[in-house]
Amino acid sequence: MEILVPLSAALFLAGLTAYVGLLAFRELTSTRLASATASVQHAFLREQISELSDRRRREQQKAERTWDGFRKFVIARRVMETSDICSFYLEPHDRRPLPEFQPGQYLTFRLNVPGQPKPVIRCYSLSDAPKPDYFRVSIKRIGPPPGKPDGKPGVGSSHFHDQLDEGDIVDVKAPAGAFFLDPRGETPVVLIGGGIGLTPMLSMVNAIVEANVQRDVYFFYGLRHGGEHVQAEYLRKISTENPHIQLHVCYSDPRADMDREGEHYRYAERVSIDLFKRTLPSNDADYYLCGPPPMMESLVSGLLGWGVPQARIHYEAFGPASVKSAAPAQPAAAGASTIEIAFARSDKRCMWDGRSTLLEIAEANGVKIDFGCRAGNCGTCITAIKQGNVDYPTKPGGSVEAGSCLACVAIPASNIVLDG
């Protein structure tokens, strides 16, 4: 018994020591875990604060650098991309820094064109990622209408190509437009440019590259042949250097003696839904489109038919009435024949046909309404509404004052009287 007591005591003390050690270990582990958790939380909080601070700084810079109305810019450089497409590098005449813009937005120009009774307003997409000291637009010379060789060429594009040189000054509004991409987004994105509709896509892909995000990008560029190919080497370079950017170049009419498949282009066909189905892993992406009206109409309706939600299809107006024609074809609106359109100053009345915009109705009835882009962007066609309401089948890029409408993309929602 005398031996058992100390042994029991020893066992008790050993157990107590182990228990205390376990408690201490748990406390230490808990303390370390709490400390590690706190460190992670603090790091996350610091990151959130830094991100919020950067966002506020960018917003403040944008507010400080943007401007109302028109601002003077100098054409610092001209670069011929193809025989009929020229890039113009624009630097602010006042040397002040430029605001960041959203890739995909456009500039509005006021051009003093010889022979025109008043300044001509035109909109051109920015074709590069935001830079602090210059803007770039790439403009295609628009010739006479197809089948009309004696028709008039594009007024704005001809002025840029034929009249404006390095050192000349142009009037420019701040970047604007509702068609743009967040370069830091995470979802897969499909960029689709047809012809000169490549320009906003260049801005988008350059912004994604400069944001240094590993975002899956599928870039489709459709044109007739290599003579129209803008920045071919550059596009191949960024695709090679950025494995997450896949370039798909389509020539619909390659030149037999000059254009080589696999070197200059990848597919001898038009950009189409069938091509998307063959090359994309799925339809799960955000789609950004800019191109000629037939291409826009075909692809938008095709994407919807493929099951792509309308909210994930984004497209830019390109050329006369392309906003209207880009959407799937619709029958005449119900009750259209009962909607009357009146032009107060011209003292003219007509019935709406259920399809035409207010600008098209005005033109068909000899009513003069000024316009620039015909795409709801520049604001030139803004017209006062004296009575009634309008709808916009597609959200306009330009702002609309209360009591007015952008006639080039608006349709009547009721009997309407316009100041025209």
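Refer to the structure presented above.
Residues numbered from 1 in each chain as written. Predicted model: local features only at pLDDT ≥ 70, side-chain atom pairs only at ≥ 80, totals over all residues. Heavy atoms only, no water.

Novice: An account of the overall build of the protein chain is requested, with residue identities and associated values reported.
Specialist: In terms of regular secondary structure, the protein chain is built from eight helices and 18 strands. Per-residue burial over the protein chain gives 43% buried out of 420 residues. For the protein chain, the share of sequence-separated contacts (at least 6 apart) that also reach a separation of at least 24 residues comes to 65%. A total accessible area of about 22300 Å² is found for the protein chain, and carbon and sulfur atoms account for 53% of it. (Helix = DSSP H or I, 4+ residues; strand = E, 2+ residues; numbered from the N terminus. Buried < 20%, exposed > 50% of the residue type's maximum accessible area, 1.4 Å probe, protein only. Contact = heavy atoms within 4.5 Å. Areas by Shrake-Rupley, 256 points an atom, 1.4 Å probe, with all protein chains shown as cover.)

Novice: A description of the side chain of Glu-81 should follow, citing residues and the corresponding values.
Specialist: Among the structural elements, Glu-81 can be located in the loop between strand 1 (71-80) and strand 2 (85-92). No salt bridge is formed by the buried Glu-81; its nearest oppositely charged neighbour, Arg-136, is found at 5.1 Å. A distance of 3.3 Å separates a polar atom in the side chain of Glu-81 from a polar atom in the side chain of Gln-231. (Lys, Arg positive; Asp, Glu negative; His and termini not counted. Salt bridge = Lys/Arg side-chain N within 4 Å of Asp/Glu carboxyl O. Polar contact = N/O pair within 3.5 Å; in protein donor to acceptor, adjacent residues only side chain to side chain.)

Novice: Please give an account of the sheet that holds strand 13 (residues 348-351) that cites residues and values.
Specialist: Strand order across the open sheet formed by five strands is 13-12-18-14-16, with mixed pairing between neighbours. One side of each edge strand has no neighbouring strand; the edge strands of this open sheet are strand 13 and strand 16 (404-406). Strand-to-strand twist across the sheet, computed as the mean angle between neighbouring axes with direction ignored, equals 35°. Bridge count for strand 12 (residues 340-343) against strand 13 is four bridges, and the pairing is antiparallel. Bridge pairing links Ala-342 to Arg-349 in strand 13. (Pairing = 2+ DSSP bridges. Axes fitted to C-alpha atoms, helices over the stretch in contact; angles between N-to-C directions.)

Novice: An account of the packing of aromatic side chains is requested, with residue identities and associated values reported.
Specialist: Applying the stated criterion to the full structure yields twelve aromatic pairs. An angle of 65° between the planes, with centres 5.9 Å apart, marks the rings of Phe-101 and Phe-135 as edge-to-face. Of this pair, Phe-101 sits in the loop between strand 2 and strand 3 (106-111) while Phe-135 is found in strand 5 (residues 135-140), placing the two residues 34 residues apart along the sequence. Here the two residues Phe-101 and Phe-135 agree in accessibility, since each one is buried. (Phe/Tyr/Trp six-rings, centres within 6.5 Å; stacked < 30°, edge-to-face > 60°.)

Novice: How would you summarise the sheet that holds strand 2 if you had to cite specific residues and measurements?
Specialist: Strand-to-strand pairing in sheets goes through backbone hydrogen bonds, with the strands running parallel or antiparallel. Sheet architecture is open: six strands sit in the order 4-3-6-1-2-5, paired in antiparallel fashion. Sheet topology places strand 4 (120-125) and strand 5 at the edges, where each strand pairs with a single neighbour. Strand-to-strand twist of the sheet, defined as the mean angle between neighbouring strand axes without regard to direction, takes the value 40°. One ladder, built from six bridges, connects strand 2 with strand 5; its direction is antiparallel. Opposite Ile-85, over in strand 5, you have Lys-140 as the bridge partner. Packed on one face of the sheet, helix 2 (residues 155-163) meets strand 1, strand 2, strand 3, strand 4 and strand 5 and runs near 80° to strand 4.

Novice: Could you give me a rundown of the environment of Ala-375, with the residues and numbers involved?
Specialist: By secondary structure assignment, the location of Ala-375 is in the loop between helix 8 (358-364) and strand 14 (382-387). For the pair Ala-375 and Thr-394, spaced 19 residues apart in the sequence, the C-alpha separation amounts to 9.7 Å.

Novice: Break down the pairing of strand 14 for me, citing the residues and quoting the values.
Specialist: Relative to strand 16, strand 14 is paired through three bridges, and the arrangement is antiparallel. Along strand 16, the bridge assignment pairs Ala-384 with Ser-404. In the sheet, strand 14 pairs with strand 18 (residues 416-418) via two bridges, with the strands oriented antiparallel. Paired with Gln-387 across the bridge in strand 18 is Val-417.

Novice: Tell me about the pattern of salt bridges, residues and numbers included.
Specialist: Taken as a whole and assessed by the stated rule, the structure comprises 19 salt bridges. Between Asp-171 and Arg-110 there is a salt bridge, with its nearest N and O atoms 3.3 Å apart. Here Asp-171, found in strand 6 (residues 169-172), pairs with Arg-110, found in strand 3; they are 61 residues apart in sequence, far enough to count as distant. Judged by its relative accessible area of 7%, Asp-171 is buried. Overall, the relative accessible area of 31% leaves Arg-110 in the partly exposed class.

Novice: How would you summarise the environment of His-159 if you had to cite specific residues and measurements?
Specialist: Mapped onto the secondary structure, His-159 falls in helix 2. Since its relative accessible area comes to 8%, His-159 is described here as buried. When the C-alpha atoms of His-159 and Leu-111 are compared, they prove to be 8.2 Å apart, with 48 residues separating the residues in sequence.

Novice: For the nonpolar core, give the residues involved together with the corresponding values.
Specialist: Leu-191, Met-201, Phe-219 and Tyr-288 are the most contacted members of the largest nonpolar core, which totals 27 residues. Within the residue set of this core, elements represented by two or more residues are strand 7 (189-194), helix 3 (198-211), strand 8 (217-223), helix 4 (232-241), strand 9 (245-251) and strand 10 (286-290). The element contributing the most residues to this core is helix 3, with six residues. Contacts of Leu-191, omitting those with residues within four sequence positions, involve Leu-181, Met-201, Met-204, Val-205, Val-217, Tyr-218, Phe-219, Phe-220 and Tyr-288. (Core = buried A, V, L, I, M, F, W, Y, C linked by side-chain atoms within 4.5 Å.)

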